[in-house]
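Analysis of the macromolecular model
Listed here are the chains, written in short residue letters.
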Amino acid sequence: TIQFVTAAAPQPGDTLLAGYRLSGTDSGAPQLYPSSQVLCGGTGAATSGVTLTSIGTCDIPAGVLLPGDRVEIRFDFAHQGTVSGFSFEIHWGATTIEHRDAAAGDALVTGRANAAILAAGAQLDSQSWGTVLPFSATVASAADSYTSGLTIDFQGMLAQTGDTLTLANYTVVRLP
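What you see is a predicted model; the values in this text were computed from it and never measured.

By the secondary structure assignment, serine 87 is in strand β7 (residues 86-92). Taking relative accessible area as the criterion, serine 87 reaches 11% and is therefore assigned buried. Looking at serine 87, its side chain comes within polar contact range of the side chain of aspartate 101, at 2.5 Å. Among residues more than four places away in sequence, those in contact with serine 87 are Leu52, His99, Arg100, Asp101, Gln155, Gly156, Met157 and Leu165.

Below, the structure written as structure tokens:
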């Protein structure tokens, strides 16, 4: 059971991560399990270009990801202007997790993606939506090797010049 005081109750859009202990079977003493690990996060860059360009990356070093891990990716884009639509992509290594085309009226777009780390590669899923952009969900597999490191790349572009697309925020969390 999780209880919150009224003043600290989660709000829509909040993300909750919890660590917990389970009783060990050998000694009966609680065994602490590894907790979540923020691999990277922050604000990204902006683009006014009409070709896909990287506006944020997360480089995961070799040896960090192991089979059985899960990686959660959260992202928020902000679109300034009303002249142009825009597109964005999220890449897991060489695999595109998400590609969306948004209208000029989309001021904000948010989404999340997950990677379940397998013995070889990963199973990916994603979902995103915006102020106008309808909800969309995907699932795919990736053969990208993570053992020697992997880059998560956030890319964006405008349909025509005159506006700006910004990676407002992103977070990548490893759940062992």
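Okay, back to it.
With that settled, the discussion passes to the nonpolar core. Counting residues in each nonpolar core, the largest one holds 33 residues, and the members touching the most others are Val71, Ile73, Phe77, Trp92 and Ile152. Looking at this core, the elements with two or more residues in it are β5 (53-60), β6 (70-80), β7, β8 (95-102), β9 (108-117), β10 (122-130), β12 (150-158) and β13 (164-175). Non-local contacts of valine 71, meaning those with residues more than four positions away in its chain, are made with Leu65, Trp92, Ala113, Asn114, Ala115, Ile117, Ile152, Val172 and Val173.

Close reading of the predicted structure is inappropriate where its pLDDT is low. Mean pLDDT over the protein chain works out to 90, with 90% of the residues at or above the 70 mark. Within the model, pLDDT remains below 50 along residues 21-26, and this stretch shows 10 contacts once partners closer than five positions in the same chain are excluded.

A contiguous nonpolar surface patch, about 340 Å² in accessible area, is contributed by Ile2, Phe4 and Leu16. With respect to the secondary-structure elements, leucine 16 resides in the segment before β1 (21-23). The class for leucine 16 is exposed, based on a relative accessible area of 55%.

On to the pattern of salt bridges. If you walk through the whole model with that rule in mind, you get 2 salt bridges. A salt bridge links arginine 174 to aspartate 69, with the shortest nitrogen-to-oxygen separation between them at 2.8 Å. Of the two residues, arginine 174 sits in strand β13 while aspartate 69 sits in the loop between β5 and β6, which places them 105 residues apart along the sequence. Per residue, the accessibility class of arginine 174 equals that of aspartate 69, and both read buried. Two residues, glutamate 72 and arginine 74, come together in a salt bridge whose shortest N-O distance is 3.6 Å.

The rules behind these values
All residue numbers here refer to positions counted from 1 along the written sequence of the relevant chain. Reporting in this predicted model follows two pLDDT cut-offs: at least 70 for local features of residues, and 80 or more for side-chain atom pairs to be given and counted; totals over whole chains, interfaces and linings ignore these cut-offs and use all residues. Each side-chain value is derived from all of the structure's non-hydrogen atoms; neither hydrogens nor water enter the calculation. Labels follow the DSSP assignment, with helices taken as runs of H or I lasting at least four residues and strands as runs of E lasting at least two, numbered in each case from the N terminus. Only protein chains enter the accessibility calculation, which uses a 1.4 Å probe; a residue whose area is less than 20% of its type maximum is buried, one above 50% is exposed, and one in between is partly exposed. Pairs of N or O atoms within 3.5 Å make up the polar contacts considered here, provided that, within protein, one atom can donate a hydrogen while the other can accept it, and that residues adjacent in sequence are counted only when both atoms are side-chain atoms. Working rule for contacts: check all heavy atoms of both residues, and any pair within 4.5 Å makes them a contact. Residues enter a nonpolar core if they are buried and are Ala, Val, Leu, Ile, Met, Phe, Trp, Tyr or Cys, with the set joined through side-chain atoms within 4.5 Å. pLDDT runs from 0 to 100 and stands for how confident the predictor is about each residue. Think of a patch as exposed residues, more than 30% relative accessible area, with no salt bridge, where like charges cluster within 9 Å and nonpolar side chains (Val, Leu, Ile, Met, Phe, Trp, Tyr) cluster within 5 Å. What sets the accessible areas is the Shrake-Rupley method with a 1.4 Å probe; for residues, cover comes only from the shown protein chains. Any carboxyl oxygen of Asp or Glu that lies within 4 Å of a side-chain nitrogen of Lys or Arg is treated as forming a salt bridge with it.

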